[in-house]
Amino acid sequence: MGYAYDDQNIFAKILRGEIPNKTVLETEHTLAFADIQPQAPVHVLVIPKGPYASLDHFTQEASDAEILDFNRTIGKVCEMTKVETKDGGMGFRAITNAGVHGHQEVPHLHVHILGGRQLGRMLPRD
Ligand code: AMP
């Protein structure tokens, strides 16, 4: 079976230039752009350019170069959006949803970088 990837998902269309986006940073293997429905003053999505559906897919099957570039881009986005923890900065939350239990809506790996306000606990306590 393996991992499935649907190339009609909305982020695949963004990568092909079929849908516009507000780009924050683009590198060889990675694109970072503003979330269309921001849930915090800073809400950026970081996606690999390759066809990976989720974080487990990416971390198992992407090349070292793609993984390195993706992680470095997350760091650069934190710096550019001024949410980094360096020099007493206020910090951020990085979230990636995967599959059914993760409530993933777009089946192309994306890491949400959220910040600019107090985000509260990671999950509500039931
Ligand atoms: P998830 O539930 O983790 O799959 O999150 C999907 C995210 O994609 C949501 O935060 C949406 O607001 C965001 N989103 C959906 N369509 C677009 C788009 N065209 N441009 C930017 N962000 C989008």
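Named according to an unreviewed UniProt entry, the chain is Histidine triad nucleotide-binding protein originating from Haematobacter genomosp. 1.

Draft legend 1. Quick peek at the site of the ligand. Near the ligand you find 16 residues, and of these Asp35, Asn97, Glu105, His110 and His112 are the closest. Measuring from an oxygen atom of the ligand, one finds a side-chain N or O atom of aspartate 35 at 2.5 Å. Mapped onto the shell around the ligand, the elements with two or more residues apiece are helix H1 (10-15) and strand E2 (30-34). When residues of the shell around the ligand are assigned to their parent elements, the largest contribution, three residues, is made by H1. Classifying every residue of the shell around the ligand by side-chain character gives eight nonpolar, six polar and two charged.

Draft legend 2. Expanded view of the side chain of histidine 43. Tracing the backbone through its elements, the reader meets histidine 43 in strand E3 (residues 42-48). Side-chain polar atoms of histidine 43 contact the backbone nitrogen of glutamine 39, separated by 3.0 Å. One polar contact links histidine 43 to histidine 112, side chain to side chain, over a distance of 2.9 Å. Ignoring sequence-local partners within four residues, the contact set of histidine 43 consists of Phe33, Ala34, Asp35, Gln37, Pro38, His112, Ile113 and Leu114.

Draft legend 3. Just the packing of aromatic side chains, in detail. Going through the model one piece at a time under the given rule, you end up with three aromatic pairs. Centre to centre, the rings of tyrosine 52 and phenylalanine 58 are 5.2 Å apart; their planes meet at 75°, and the pair counts as edge-to-face. Classification of tyrosine 52 as buried rests on a relative accessible area of 9%. For phenylalanine 58, a relative accessible area of 1% puts it in the buried group. Clustering of aromatic rings is evident, with ring pairs tying together Tyr52, Phe58 and Phe70.

Draft legend 4. View of the pairing of E3. Among the seven residues that make up E3, seven are buried, leaving the element largely enclosed by the rest of the structure. Of the two faces of E3, the one lined by Val42, Val44, Val46 and Pro48 and the one lined by His43, Leu45 and Ile47 are each fully buried. Pairing analysis gives five bridges linking E2 to E3, with the strands arranged antiparallel. Note on E3: the bridge partner recorded for phenylalanine 33 is leucine 45. Both E3 and strand E5 (residues 111-115) contribute to a ladder of five bridges, which runs antiparallel. Within the sheet, the bridge partner assigned to leucine 45 lies in E5 and is histidine 112.

Draft legend 5. A look at unusual backbone geometry. Located in the positive-phi region is aspartate 87, a residue other than glycine, with phi close to 55°. Tracing the sequence through the fold places aspartate 87 in the loop between helix H3 (64-80) and strand E4 (92-95). For histidine 103, which is not glycine, the phi torsion reads 55° and is therefore positive. With respect to the helices, strands and loops of the structure, histidine 103 is situated in the loop between E4 and E5. For histidine 103, a relative accessible area of 57% corresponds to the exposed category.

Rules behind the numbers
- Residues numbered from 1 in each chain as written.
- Predicted model: local features only at pLDDT ≥ 70, side-chain atom pairs only at ≥ 80, totals over all residues.
- Heavy atoms only, no water.
- Near = heavy atom within 4 Å.
- Polar contact = N/O pair within 3.5 Å; in protein donor to acceptor, adjacent residues only side chain to side chain.
- Helix = DSSP H or I, 4+ residues; strand = E, 2+ residues; numbered from the N terminus.
- Nonpolar A, V, L, I, M, F, W, Y, C, P; charged D, E, K, R; others polar.
- Contact = heavy atoms within 4.5 Å.
- Phe/Tyr/Trp six-rings, centres within 6.5 Å; stacked < 30°, edge-to-face > 60°.
- Buried < 20%, exposed > 50% of the residue type's maximum accessible area, 1.4 Å probe, protein only.
- Pairing = 2+ DSSP bridges.

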